[in-house]
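Residue-level structure breakdown
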Amino acid sequence: MSSTHKHSVADEPVTSVLPGGDVPYDPTHEFNPDEEVLAALGYKSEFKREFSLFTTFCVSFAVLGLLPSFASTLYYGMGYAGTAGMVWGWMIAMIGIQCVACSMAELCSSMPTSGGLYYASAVLAPQGWGPFAAWITGWSNWLSQVTAAPSVNYGTSAMILAAASIHDPSYVPTEYQTFLLTVFIMIIHAIMSSLPTRWLAKINSGGSTFNFIALLVVIILIPAGTDRESRGLPRFTSSDKVWGTIYEGTSFPAGISVLMSFIGVIWTMSGYDSAFHLAEECSNANIAAPRAIVLTSATGGIFGWFLQLVVAYTVVDIDSVLESDLGQPFAAYLVQCMTQKMALAVLALTIVAGFFMGQGCMIAASRVTFAYARDDCFPLSSVWKQVNRHTQTPVNAVWLNTGVGCIMLLLIFGGELAIGALFSIGAIAAFVAFTIPIFIRVFFVGHRFRPGPWNLGRYSIPTGSVASAFVILMVPILCFPSVTGADLHADVMNWTCVVYGVPMLLVCIWWVVSARKWFKGPKVNVAHMMLGDEQQILEGVNVQREGSVGSGQGAPEKAGSKVDGPVA
């Protein structure tokens, strides 16, 4: 057999009995194509497949939440490198981000499971390293997912209170009020995320539609409604200033400042993996889910850049935006360049879009928690992996994430620097998790990778190489503080390396001390011939076959041809 021959996951041998006696096959039920692919990957279908390409894209785009994400992270894009950093930085960053998205979509097509990146890391890792690769990827991804809803909802709360301050300048929000309002939104989202799948699909379709319409309205409304001329300024800033003037927001050279501003782009564009985690609830998953990933990233990249241009051409004073008493840069920017009523209208659209974005984040995070608990990754996994028999959704996982998120929101009382850690974790943790399986696929698996029906063909390895290089470059840069030398003190330190590095260090220690003895990674029920010696794997398949027959459970009729047919 040629080592360069490509296999499809649909050709893989499967057994009808999973570890622990879990049976993915019901003899009274004929497998549909989605269930057959999932059984080949080692799991039984537990959700109703009521998400289509459009509704999957809707959830993913809602999680992306371009308008509220941009509003929440404006401080980084504008504050580090100014307008030149915003317009050039977004374009440059999107090259790397789109490569990550395309490489992820290829993995999703080959392995459409809720575990997503975590499952892919275990499958692709060299022999003996699968559980550890899954462990690191899983915990990094979970950190990004569990911090998503709290950070989004914090941004939404800050905008609501900023709107109150614009309406009544004498009102100054307190940290206690921000905390309570954010927790209240978290609880509303948890209740909504506990609903049946068909309701969630409809809610998120509506939310994503609103997000997209609000984005278009804001992109048109800001340049149309700006009142810069009444303030003695030209209607728009000249292009040479917008594209050529880099704001000195850091102590580093201009090029490094632009790279540091990527944190806003990366955090904004980190939601497209949601389609991967919804694969088990999506019909025609190994085509629809990867398409949703690429569509989300491409749509977000294009319209996000338009939003950057609109703000860059209309901002009046960057220093005033960053240092405003409103405590929310986007709100301060709107007050600078628009009338009060117009500013409140734009802010209202952003707030509603932020609410739906937080809802999408809650749904995606619950699916990740469910998938990891299904493989006993968490303490009390037997509780968190339960699917509610009435709603057919992982309700327990929803409320676990809600509780953890509310505890994290206590960082609000530590000030802006502390709560900003939620955004740092989201950016770093997400892209580290995104890239681990891509890196393994490119540099360890190579041409032995078995693509699904959606794949990059000969561009797969070059695209994955660019994606890996982009993240390897960005991880240390996003940990840089904005000042250096004698000006660097604890109150201006970039704590990203601490808030992400310490939990991941503890996770590694846990692995060495205990987890390596009992955690075996995803319950993979497929012979992955890219891992180690193929003859050993074929022998393992024969053992699986014999075990299935001996246990009295025959192979499923529809999948039987895979078991009895040629392996390659």
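What counts and what doesn't
In this numbering scheme, every chain counts its residues from 1 along its sequence in written order. Only residues with pLDDT of at least 70 are given local features in this predicted model, and only at 80 or more are side-chain atom pairs given and counted; all residues enter the totals for whole chains, interfaces and linings. Water and hydrogen atoms were dropped before computing side-chain values, which therefore reflect all heavy atoms in the structure. Counting from the N terminus, the helices are DSSP H or I runs at least four residues long and the strands are E runs at least two residues long. Throughout, exposure labels follow a simple rule: accessible area from a 1.4 Å probe, protein chains only, divided by the maximum for the residue type, with under 20% read as buried, over 50% as exposed, and the rest as partly exposed. Residue contacts are defined here by distance: any two heavy atoms, one from each residue, within 4.5 Å place the two residues in contact. With residues, only the protein chains shown are counted as cover, and all accessible areas are computed by Shrake-Rupley using a 1.4 Å probe. Axis angles are defined between N-to-C directions and span 0 to 180 degrees, where every axis is a line fitted to C-alpha atoms and, for a helix, only to the segment in contact. Angle categories: roughly parallel below 35 degrees, roughly antiparallel above 145, roughly perpendicular from 65 to 115, and oblique for all the rest. With the far helix as reference, a near helix turned anticlockwise by less than a right angle produces a left-handed crossing, and one turned clockwise produces a right-handed crossing. Salt bridges are defined by distance alone: a side-chain nitrogen of Lys or Arg within 4 Å of a carboxyl oxygen of Asp or Glu. Here the aromatic set is Phe, Tyr and Trp, taking the six-membered ring for Trp, and pairing holds for ring centres within 6.5 Å; pairs whose planes are under 30 degrees apart are stacked, those over 60 apart are edge-to-face, and all others are tilted. Among the buried residues, those of types Ala, Val, Leu, Ile, Met, Phe, Trp, Tyr and Cys that are joined through side-chain atoms within 4.5 Å form a nonpolar core. Note on scores: pLDDT gives the predictor's confidence for each residue, bounded by 0 and 100. An expected span of 1.5 Å times one less than the residue number is assigned to each helix. Given a residue, its bend is the angle between the two axes fitted to the seven residues that end at it and to the seven that start from it. The criterion for a disulfide is a pair of cysteine sulfur atoms lying within 2.5 Å.

Considerations on the overall build of the protein
Check the secondary structure of the protein and you find 23 helices and zero strands. In the protein, which comprises 568 residues, the proportion classed as buried is 59%. For the protein, long-range pairs separated by at least 24 residues make up 82% of all intrachain contacts whose partners lie at least 6 apart in sequence. In the form shown here, the protein has an accessible surface area of approximately 21,500 Å², with 65% of it arising from carbon and sulfur atoms.

What about the environment of Leu64?
Examined against the element boundaries, Leu64 turns out to sit in helix 2 (residues 53-64). Take Leu64: its relative accessible area is 0%, and that puts it in the buried class. Beyond its immediate sequence surroundings of up to four residues, Leu64 is in contact with Ser69, Thr268, Met269, Ser270, Gly271, Tyr272, Thr296, Gly300 and Met357.

As for helix 14 (residues 329-337)
The element helix 14 is extensively covered by neighbouring structure, given that eight of its nine residues are classed as buried. If you check which residues of helix 14 are buried, you get Pro329, Phe330, Ala331, Ala332, Tyr333, Leu334, Gln336 and Cys337. At its buried positions, helix 14 is contacted by helix 3 (66-110), helix 5 (130-167), helix 7 (197-225), helix 12 (285-314), helix 13 (318-323) and helix 15 (340-374).

Points about the packing of helix 14 against helix 15
One can describe the packing of helix 14 onto helix 15 by two numbers: an axis separation of 9 Å at closest approach and a directional angle of 150 degrees. One finds that helix 14 runs roughly antiparallel with respect to helix 15. In terms of crossing hand, the pair formed by helix 14 and helix 15 is right-handed. In this structure, helix 14 contributes Phe330, Ala331, Leu334 and Val335 to the contact, and helix 15 contributes Ala343, Val346, Leu347 and Thr350.

Quick look at the environment of Val475
By the secondary structure assignment, Val475 is in helix 20 (residues 460-477). Residue classification places Val475 among the partly exposed residues on the basis of a relative accessible area of 27%. Put simply, Val475 and Ala427 are 48 residues apart on the chain and 9.1 Å apart in space, counted from C-alpha to C-alpha. Apart from the residues within four sequence positions on either side, Val475 is in contact with Ile428 and Val432.

Quick notes on the packing of helix 3 against helix 14
For the pair helix 3 and helix 14, interaxial distance at closest approach is 7 Å and the crossing angle is 90 degrees. As the angle between them shows, helix 3 and helix 14 are arranged roughly perpendicular. Facing helix 3, whose interface residues are Phe70, Ala71, Leu74 and Tyr75, helix 14 presents Pro329, Phe330 and Tyr333.

Examining the pattern of salt bridges
As enumerated under the stated definition, the model contains three salt bridges in all. Measuring nitrogen to oxygen at the nearest pair gives 3.2 Å for the salt bridge that ties Arg231 to Asp227. Look at Arg231 and you get partly exposed, because its relative accessible area is 39%. Judged by its relative accessible area of 17%, Asp227 is buried. Between Glu229 and Arg235 there is a salt bridge, with the nearest N and O atoms lying 3.4 Å from each other. Using a relative accessible area of 28% as the deciding quantity, one classes Arg235 as partly exposed.

Digging into the side chain of Thr350
Positionally, Thr350 belongs in helix 15. For Thr350, the residues in contact, after removing those within four places along its chain, are Leu67, Pro68, Ala71, Met159 and Phe330.

So, the packing of aromatic side chains
Under the defined criterion, the tally for this structure stands at 30 aromatic pairs. Relative to Phe132, the ring of Trp129 lies with its centre 6.3 Å away and its plane at 70 degrees, an arrangement referred to as edge-to-face. Using a relative accessible area of 52% as the deciding quantity, one classes Trp129 as exposed. The exposure class assigned to Phe132 is partly exposed, which follows from its relative accessible area of 26%. Here a set of aromatic residues connected by ring pairs shows up, and it is made of Tyr118, Trp129, Phe132, Trp135, Trp139, Trp142, Trp510, Trp511, Trp518 and Phe519.

What about the nonpolar core?
In this structure, Ile97 and Tyr333 are the most contacted members of the largest nonpolar core, which totals 147 residues. Of all hydrophobic cores here, the second largest spans five residues; its members include Val87, Val242, Ala312 and Tyr313.

Quick word on the environment of Leu66
Here Leu66 is to be found in helix 3. Residues Leu66 and Asn211 lie 145 residues apart in sequence; the distance between their C-alpha atoms is 7.8 Å. Filtering out sequence-adjacent residues up to four positions away, Leu66 remains in contact with Phe61, Trp90, Leu215, Thr268, Met269, Thr299, Gly300, Phe303, Gly304 and Leu307.

Quick look at the confidence of the model for the protein
When pLDDT is averaged along the protein, the result is 79, and 82% of the positions lie at 70 or above. Segment residues 1-10 is flagged for pLDDT under 50; beyond a separation of four residues in sequence, or across chains, it makes 24 contacts in the model. Below pLDDT 50 for its whole length, residues 12-25 participates in 48 contacts with residues either more than four positions away or in separate chains.

Quick word on helix 5
Taking 1.5 Å per residue, 38 residues should reach 56 Å; helix 5 reaches 56 Å between its end C-alpha atoms and fits that length. Taking the largest bend as the criterion, helix 5 deviates by roughly 35 degrees, centred on Ala148, and proline Pro150 comes between one and four positions later. With 33 of 38 residues buried, helix 5 lies mostly within the body of the structure.

Some words on the state of the cysteines
By definition, a disulfide links two cysteine residues through a covalent bond between their sulfur atoms. Overall, the coordinates contain zero disulfides when judged by the stated rule. With no disulfide of its own, Cys497 lies 5.3 Å from the sulfur of Cys479, the closest cysteine sulfur. Residue Cys497 is classed as partly exposed on the basis of its relative accessible area, which comes to 39%.

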